[in-house]
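# Architecture at a glance
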Amino acid sequence: MKRAKVYVQNLGADIPSAIVVFLVALPLCLGVALASNAPLFSGLIAGMIGGMVIGALSGSQLSVSGPAAGLTAIVAAAILKLPSFEAFLLSVFICGLLQIILGFIKAGVLGDYVPNSVIKGMLAAIGLILILKQFPHLIGYDKDYMGDESFQQANNENTFSSIGTALRSITIVALIIGVTGLVFQFAWEKFTANKKGFIKLIPAPLVVVLLGIGINELFRNSNGTGLSTDHMVNLPMAGSTSEFISFFTLPDWNAIGQKEVWITGLTLALVASLETLLSIEAVDDLDPYQRVTNKDRELKAQGVGNMLSGLIGGLPVTSVIVRSSANVNSGAKTKMSTIFHGALLLLCVALLPNILNLIPNAALAAVLIFTGYKLAKPTLFKAYYQKGWNQFLPFVITIVAILFTDLLIGVVIGIGVGLFFILRSNFKTAVHVVNDHNRFLFRLRNGVSFMNKPIIKNKLEEVPENGSVLIDTTRAEFIDRDIVEVIEDFMLHAPLKNIRVELKTNPYRNFGFNTSPAMTDGKPNVVRTHDKKLVPATQH
């Protein structure tokens, strides 16, 4: 009851946000279906399921699910390989079933291991991709499908060459619509920054779309130079209720025994789950309330959504960053925005396809470019530069890698760079050596791994005859067995150079050091001491 009250109280923010997400989702659902060589309506089904079903079951308040551009290559290849689209739908159903299993075995924890610099880099990369990819649509060059995120495009161009071609193929009406839409959004944001009341409830993207329709109709009716259907939203039309229902397709259960169906289902489950976990991590980071999503519950919700999508003819579904970030930026407060956007997709596609087909792609491109700008603001780059190279480089390399490959590969590269800086930092801080007139202090801190072996070994061998060495391990959380052996070997041959060695250890954390003292002429040459002030490891 309390939760329902919260949802009702936030409808003033969630309903305008739902309209924004609907306008963003509509071309993306169609574009992903087109790129996947699937029926256009299958993308819309996935959007409806992602909004209404996954939105209701998910623990995330702001994440929006739908067909993902990152799956288009897998989906397109699978549709060609499998005997029919209906057999592919069975793979989508299997994908959902496997995701539910992943949720129950708590695989969602994988999302927590992505560094924050990589998450921010991923968001900035998506923002830049939106700007670069939607610019051609903004000026009337619509050869590539809306929502494409890949560097190498299906029309034998890439992200940058497509911009060059677009600049040589400008459609004046589209340019006017696109520029007007962009200018309006920036002006509207500034105008409403300190405003309250009804004006804050007006979604700028809706005004942009209405302006786009009005401008196009004005040119079409005045001199016949309006945009052709190639530059407009192109929804599948149903002449009757029965024809609309016929757009929904059942899977082919006779293909259940085919190996390729199961391999496709497994592939979709793994990739869709990874994309979902990354998106959820990013959305939680964008959430102004910093709410934390239960990722295992999210995998189960995605699983139910994909099972249902496969059952009624939809593409596979994941949590997607573009729609989710549009949801956050438009001021959504709860999951009702996601649910309403799915309901709007269903109602408008069923009842108002003629009106939706009046929307110019340039108007929608203006909305997406503004969303991209919000994700990749220059201040974000400045903030990460000020954090230092160990944060800035993973951030930038993640962006570049995603721009030139895809989301998953880019994130993996970013994580690899982040791990390098973690290891580098640990390598530099794990061993501290001080020399004061041949009295050496070796202090081992944090985790000392085999990577620190060369520096410890070489520094110990530099200790001259008649010197003394204090090896302090009391601040170490972990010491690799290789390091233990290097120190023990040094303690064995140190008496030959008349080097006195003191090994200071934590009495509760021995790390496997040999406790028998080394002797020279019947006297201990290696002293082992314990720091009495230390407490057992379990009390740390």
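Residues numbered from 1 in each chain as written. Predicted model: local features only at pLDDT ≥ 70, side-chain atom pairs only at ≥ 80, totals over all residues. Heavy atoms only, no water.

Below, the discussion takes up the overall build of the chain. Counting its regular elements, the chain contains 21 helices and nine strands. Summarising its shape, the C-alpha atoms of the chain cover approximately 105 × 55 × 55 Å along the three principal directions. Put simply, the chain has 540 residues, and 52% of those count as buried. Residue pairs in contact within the chain that sit at least 24 positions apart in sequence constitute 80% of those at least 6 positions apart. Total accessible area on the chain stands at roughly 24,600 Å², and carbon and sulfur atoms take up 63% of it. Averaging the locations of the 44 positively and 36 negatively charged side chains of the chain gives two centres separated by 9 Å. (Helix = DSSP H or I, 4+ residues; strand = E, 2+ residues; numbered from the N terminus. Buried < 20%, exposed > 50% of the residue type's maximum accessible area, 1.4 Å probe, protein only. Contact = heavy atoms within 4.5 Å. Areas by Shrake-Rupley, 256 points an atom, 1.4 Å probe, with all protein chains shown as cover. Lys, Arg positive; Asp, Glu negative; His and termini not counted. Charge placed at Lys NZ, Arg CZ, Asp CG, Glu CD.)

What follows covers the state of the cysteines. All chains considered together, the criterion is met by zero disulfides. Of all cysteine sulfurs, the one in Cys-348 lies closest to Cys-29, which takes part in no disulfide; the gap is 13 Å. On the basis of relative accessibility, which here comes to 0%, the residue Cys-29 falls in the buried class. Judged by its relative accessible area of 10%, Cys-348 is buried. (Disulfide = S-S within 2.5 Å.)

Here we come to the pattern of salt bridges. Scanning all chains against the criterion turns up twelve salt bridges. A salt bridge links Asp-285 to Lys-120; the nearest nitrogen and oxygen atoms lie 2.7 Å apart. With a gap of 165 residues between them, Asp-285 in helix H11 (residues 259-286) and Lys-120 in helix H6 (residues 116-138) connect regions that are remote in the sequence. Considered together, Asp-285 and Lys-120 belong to a single accessibility category, that of buried residues. Between Asp-148 and Lys-133 there is a salt bridge, with the nearest N and O atoms lying 3.8 Å from each other. Of this pair, Asp-148 sits in the loop between H6 and helix H7 (159-167) while Lys-133 is found in helix H6, placing the two residues 15 residues apart along the sequence. (Salt bridge = Lys/Arg side-chain N within 4 Å of Asp/Glu carboxyl O.)

So, on to unusual backbone geometry. With glycine set apart, most residues show a phi of negative sign, and most peptide bonds adopt trans. Residue Asn-156 is not a glycine yet carries a positive backbone phi of 65 degrees. Using a relative accessible area of 74% as the deciding quantity, one classes Asn-156 as exposed. Positive phi outside glycine occurs at Asn-438, with the angle close to 65 degrees. Tracing the backbone through its elements, the reader meets Asn-438 in the loop between strand S3 (431-436) and strand S4 (439-448). Take Asn-438: its relative accessible area is 38%, and that puts it in the partly exposed class.

So, about a nonpolar patch on the surface. Taken together, the side chains of Leu-347, Leu-351, Leu-352, Ile-355 and Leu-358 make up a nonpolar region of the molecular surface, amounting to roughly 460 Å² of accessible area. Following the sequence through the fold, Leu-358 ends up in the loop between helix H15 (353-356) and helix H16 (361-375). We classify Leu-358 as partly exposed; its relative accessible area is 33%. (Patch = residues over 30% accessible without salt bridge, like charges linked within 9 Å, V, L, I, M, F, W, Y side chains within 5 Å.)

Let us now look at the packing of helix H3 (residues 40-57) against helix H14 (residues 336-351). Between H3 and H14, the shortest axis-to-axis distance is 7 Å and the interhelical angle comes to 145 degrees. Between H3 and H14 the crossing geometry is left-handed. Here H3 contributes Phe-41, Leu-44, Gly-47, Met-48, Gly-50, Gly-51, Met-52, Gly-55 and Ala-56 to the contact with H14, which in turn contributes Thr-338, Ile-339, His-341, Gly-342, Ala-343, Leu-345, Leu-346 and Val-349. A class-by-class count of the residues in the contact of H3 with H14 yields ten nonpolar, seven polar and no charged. (Axes fitted to C-alpha atoms, helices over the stretch in contact; angles between N-to-C directions. Left-handed = near helix turned anticlockwise from the far one by under 90°. Nonpolar A, V, L, I, M, F, W, Y, C, P; charged D, E, K, R; others polar.)

Remark: the empty space left among the atoms is shown by a probe the size of a water molecule rolled over them. Under the criterion given, the structure shown has four cavities of 30 Å³ or more. Considered as a void within the structure, the largest cavity measures approximately 220 Å³ in volume. Surrounding the largest cavity, 23 residues form its lining, Ala-69, Glu-149, Val-320, Ile-321 and Val-322 being those nearest its centre. Going through the elements one at a time, helix H2 (11-35), H6, H11, strand S2 (318-320) and helix H13 (321-329) are the ones with two or more residues in the lining of the largest cavity. Of the residues that constitute the lining of the largest cavity, the class distribution is 13 nonpolar, five polar and five charged. (1 Å grid on protein atoms, 1.4 Å probe; cavity = no way out; pocket = protein on both sides within 12 Å on 5 of 7 lines; lining within 4 Å. Points joined across faces, edges and corners; volume = space filled by probe spheres on them.)

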